[in-house]
There are 2 protein chains.
Amino acid sequence: MAITVVGSVAYDSIETPAGRKERCLGGAATHFALAASFFTDVRVIAVVGEDFGPEQEAVFKARNIDIRGIERAPGKSFFWEGSYLENLNEAKTHATELNVFAAFEPKIPDVYRDSDFLFLANIDPVLQKRVREAMPDVKLVAGDTMNYWIKDHRPALLDMLKGLDVLVINDTEVRMLAGNNNLLQASRIVQKFGPHTLIVKHGEYGATAFFNDKSFAPNGTNAQGEPTPFRAPALPLEEVVDPTGAGDSFAGGFFGYLASQGEMTPAVFRRAMFYGSVMGSFACERFGTERLQQATRKEIDDRFALFRELTHLD
Amino acid sequence: MAITVVGSVAYDSIETPAGRKERCLGGAATHFALAASFFTDVRVIAVVGEDFGPEQEAVFKARNIDIRGIERAPGKSFFWEGSYLENLNEAKTHATELNVFAAFEPKIPDVYRDSDFLFLANIDPVLQKRVREAMPDVKLVAGDTMNYWIKDHRPALLDMLKGLDVLVINDTEVRMLAGNNNLLQASRIVQKFGPHTLIVKHGEYGATAFFNDKSFAPNGTNAQGEPTPFRAPALPLEEVVDPTGAGDSFAGGFFGYLASQGEMTPAVFRRAMFYGSVMGSFACERFGTERLQQATRKEIDDRFALFRELTHLD
């Protein structure tokens, strides 16, 4: 089943302990789409400027990603500059230039309308909500957000969350959004805002999914009748070259695998979490999208097997 | 097979977001011994003061822990005061009073000498080394340390590490000890100091074991011939009441299960890691040793099953 993703397609200038790269192709929708493309058909809605040319198009086309929903606008593409010199788990933003994104009005190509899966990558929650409402027939909607929207655009964010089935978010953000430092309690609070399933990303420690009684793929339950969470690991890597896009790649692997399967069972959900971790780990191995562009399905499945070995008792 | 553990038996005054408790029974050897006692015979070497009476003895005796190696000395027992108000993963120390520990000279009772397993809990590495040398015939030696010894007693610590098979250490400490921020690289450096197996504790994210070609229970290997690490989860808890002793309880569960098994296979090692995580998670649920005192083997095995469900694909 096909996924439509809306989000940023951008250029990133990144500095990490491994070096510095100027104007890599990036953006949440880009990382998500590349990761998901190994599993299913992916369609992108975004806006780019005149600096997005055949070379960037080719990155998407090489992975059979439909970019008919990427609008070209006069001006420059979204640009982000950041570094991870002190902490590889948290970017320090040096510059954000919205450029063509400032006036972005998402338009959904008719050919995208039969998508069964919708991913609302991290952009203004007002836009996320608009896309969600324009595609009322999708079977499953997941989304991401970030500290900026949580802090300064809370009403719009809460409004958007009502339309989500699955929220993918990181440790710090879920605590900030809930106003509670306990991960379990924070997750329960955020689930009340809308999403029945919450996936909390822990960076180098993996990710945990929290379910409630509306989740389509809950685990067993504890004595209080609450479903058991599920935790996927991350791989201890020899060198984290660039963590930019690792979270979006996680989301792409997770949602891509889910969309590729006929049914939503707990087993499918668990495998999707593992594939998310696999794609997130690849993303960190090179700057920008380089590693995801080069990955093969065999490498992905080999790493999946490694993740099983890393965590399974037998 | 029996374990001898040397380390502190102490009193802790602890403040956490859940409240404050004065002078709980604590100390690394106490938490370790209680956790390990659910799996095998445990013998403690420590020193206590005149403030250690029948009530404290009873805590050990209720779990059949041999305390003939706990020496009574004039004066007061080791005392620690700390809080976790800002960060539940890291204690802030307000007071450390060595008291009787200042002049501690570990003596090994003859009845302990047939122990096959030795655990050197966190104390002065000079004392750890002395006990290790006094028990040359043990089959497996594991130990712990902390930032204080890493920073200010490095030569003695490096000397002690030569005698360890397994080092149990936390994230921050392994990076500090290795002088390298990458977990995989840091582990490899520390393994060269002596221990063939390294268990790095990640607090609420579990623990990862790193092996080398001398490890008794390595996993499969990657393309470079390096053994795959193994990661045990931690449980997302409703409320972390008091993390004091969680790491020692992890070590006790891990080493206790290992000692209870006839052979060291990868499967036994993996299960031991899970039992470590189980005991660590119980330890956090009440102040001091309260939860470990009340635990039952059935609760422990139920939680083991929950940890499997939390992380396993099928």
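Structural data are supplied above this passage.
A few points on the structure. (Residues numbered from 1 in each chain as written. Chains lettered and ligands numbered in written order. Predicted model: local features only at pLDDT ≥ 70, side-chain atom pairs only at ≥ 80, totals over all residues. Heavy atoms only, no water.)

Some points on the overall build of chain A
Piece 1. Counting secondary structure elements, chain A contains 11 helices and 13 strands.
Piece 2. In terms of overall dimensions, chain A is globule-like: its C-alpha atoms have a radius of gyration of 18 Å, near the 20 Å expected for 314 residues.
Piece 3. The principal-axis extents of the C-alpha atoms in chain A amount to approximately 60 × 45 × 35 Å.
Piece 4. Burial status across chain A gives 61% buried among its 314 residues.
Piece 5. When contacts within chain A are restricted to residue pairs at least 6 apart in sequence, long-range pairs at least 24 apart make up 64% of them.
Piece 6. Element-wise, carbon and sulfur atoms account for 49% of the exposed surface of chain A, whose accessible area totals about 12,100 Å².
Piece 7. Separation of charge centres in chain A, based on 33 positive and 42 negative side chains, amounts to 4 Å. (Helix = DSSP H or I, 4+ residues; strand = E, 2+ residues; numbered from the N terminus. Rg over C-alpha atoms; globule rule 2.2 N^0.38 Å. Buried < 20%, exposed > 50% of the residue type's maximum accessible area, 1.4 Å probe, protein only. Contact = heavy atoms within 4.5 Å. Areas by Shrake-Rupley, 256 points an atom, 1.4 Å probe, with all protein chains shown as cover. Lys, Arg positive; Asp, Glu negative; His and termini not counted. Charge placed at Lys NZ, Arg CZ, Asp CG, Glu CD.)

Observations concerning the side chain of Arg303 of chain B
Residues and elements named next belong to chain B.
Piece 1. Its location among the elements puts Arg303 in helix H11 (residues 297-311).
Piece 2. Polar contacts involving the side chain of Arg303 include one to the side chain of Glu285, which spans 2.8 Å.
Piece 3. Ignoring anything within four residues of it in the chain, the contact list for Arg303 reads Leu235, Leu237, Val278, Ser281, Phe282 and Glu285. (Polar contact = N/O pair within 3.5 Å; in protein donor to acceptor, adjacent residues only side chain to side chain.)

Here's the deal with the pairing of strand S3 (residues 19-26) of chain B
All names here are of chain B.
Piece 1. Bridging between strand S2 (residues 10-16) and S3 involves six bridges; their strand directions are antiparallel. Considered in S3, the bridge of Asp12 is made with Cys24.
Piece 2. Here S2 folds back onto S3 in antiparallel fashion, the turn holding two residues. (Pairing = 2+ DSSP bridges.)

A few points about the sheet that holds S3 of chain B
All names here are of chain B.
Piece 1. The sheet built from four strands is open, its strands ordered S3-S2-S6-S7 with mixed pairing. Either end of the sheet is taken by a strand with one partner, and the two such strands are S3 and strand S7 (92-97). In this sheet, neighbouring strand axes are inclined to one another by 15° on average, regardless of whether the strands run parallel or antiparallel.
Piece 2. Bridge analysis of S2 against strand S6 (residues 78-83) gives six bridges, and the strand direction is parallel. Bridge pairing in S6 places Glu15 opposite Ser83. (Axes fitted to C-alpha atoms, helices over the stretch in contact; angles between N-to-C directions.)

Here we look at the relation of the copies chain B and chain A
Piece 1. Mapping chain B onto chain A calls for a rotation angle of 180° and an axial translation of 0.0 Å; the resulting RMSD is 0.0 Å. Within this description, the copies of the chain are treated as partners about a two-fold rotation axis.
Piece 2. A shared binding surface is used by both copies, with 100% of the interface residues of chain B retained as interface residues in chain A. (Least-squares fit on C-alpha atoms with pLDDT ≥ 70 in both.)

Description of the sheet that holds strand S2 (residues 10-16) of chain A
All names here are of chain A.
Piece 1. Within the open sheet, the four strands sit side by side as S3-S2-S6-S7. Their pairing is mixed. Looking at the sheet topology across the chains shown, the edges are occupied by strand S3 (19-26) and strand S7 (92-97). Averaged over neighbouring strand pairs, the angle between their axes works out to 15° when direction is ignored.

Looking at the packing of helix H1 (residues 28-36) of chain A against helix H8 (residues 246-260) of chain A
Residue and element names in this part refer to chain A.
Piece 1. H8 packs onto H1 with a crossing angle of 40° between their chain directions and a minimal axis gap of 7 Å. When the interaxial angle is binned, H1 and H8 end up oblique. Here H1 runs over H8; the crossing is right-handed. Contacts from Ala28, His31, Phe32, Ala35 and Ala36 of H1 reach H8 at Asp248, Ser249, Ala251, Gly252, Gly253, Phe255 and Gly256.
Piece 2. Partitioning the contact of H1 with H8 into residue classes produces six nonpolar, five polar and one charged. (Parallel < 35°, antiparallel > 145°, perpendicular 65-115°, else oblique. Left-handed = near helix turned anticlockwise from the far one by under 90°. Nonpolar A, V, L, I, M, F, W, Y, C, P; charged D, E, K, R; others polar.)

Overview of the interface of chain B and chain A
Piece 1. Between chain B and chain A, the residue contacts involve 36 residues of the former and 37 residues of the latter.
Piece 2. Buried area between chain B and chain A, summed over both chains or domains, comes out near 3,300 Å², and the portion from carbon and sulfur atoms is 49%.
Piece 3. Its largest share of buried area at the contact with chain A, chain B owes to Tyr205, Arg231 and Leu313 of chain B, together 26% of the area lost on that side.
Piece 4. Linking chain B to chain A there are six salt bridges.
Piece 5. The salt bridge involving Asp314 of chain B is made with Arg308 of chain A; its shortest N-O contact spans 3.6 Å.
Piece 6. Along the contact surface separating chain B from chain A lie 26 residue pairs in polar contact (both at pLDDT 80 or more).
Piece 7. The set of elements that each furnish at least two residues to the side of chain B that touches chain A consists of helix H6 (171-178), helix H7 (183-192), strand S12 (207-210), strand S13 (230-232), helix H9 (266-283) and H11 of chain B. (Buried area = accessible area lost by both parts, 1.4 Å probe. Salt bridge = Lys/Arg side-chain N within 4 Å of Asp/Glu carboxyl O.)

Structural notes on the packing of aromatic side chains
Residues and elements named next belong to chain B.
Piece 1. The tally for this structure, following the rule as stated, stands at 38 aromatic pairs over all chains.
Piece 2. With centroids separated by 6.2 Å and ring planes inclined at 90°, the aromatic side chains of Phe39 and Tyr257 adopt a geometry described as edge-to-face. Here Tyr257 lies in helix H8 (residues 246-260) and Phe39 lies in the loop between helix H1 (28-36) and strand S4 (42-48), a separation of 218 residues in the sequence.
Piece 3. Judged by relative accessible area, which is 11%, Phe39 ranks as buried.
Piece 4. The buried category is assigned to Tyr257, whose relative accessible area is 6%.
Piece 5. Arranged with centres 6.1 Å apart and planes meeting at 35°, the rings of Phe230 and Phe274 form a pair that is tilted. (Phe/Tyr/Trp six-rings, centres within 6.5 Å; stacked < 30°, edge-to-face > 60°.)

With respect to the pattern of salt bridges
Residue and element names in this part refer to chain A.
Piece 1. Counted under the stated rule, the structure contains 52 salt bridges over all chains.
Piece 2. Salt-bridge contacts for Glu133 lead to Lys129; the nearest nitrogen and oxygen are separated by 3.5 Å. On the criterion of helical spacing, the pair formed by Glu133 and Lys129 is a turn pair, its members being four residues apart in helix H3 (residues 125-134).
Piece 3. The exposure class of Lys129 is partly exposed, given its relative accessible area of 28%.
Piece 4. Each of the salt bridges in this network shares a partner with another, and the network as a whole consists of Glu15, Arg20, Glu22 and Glu81.

A closer look at H6 of chain B
Residue and element names in this part refer to chain B.
Piece 1. In terms of burial, H6 is a largely internal element, six of the eight residues being buried.
Piece 2. Among the residues of H6, Asp171, Glu173, Val174, Arg175, Leu177 and Ala178 are the ones counted as buried.
Piece 3. Among the residues of H6, the N-terminal cap falls to Asn170, whose side-chain oxygen and the backbone nitrogen of Thr172 are separated by 3.1 Å.
Piece 4. Count one or two residues on from H6 and you reach Gly179, which has phi positive near 65°.

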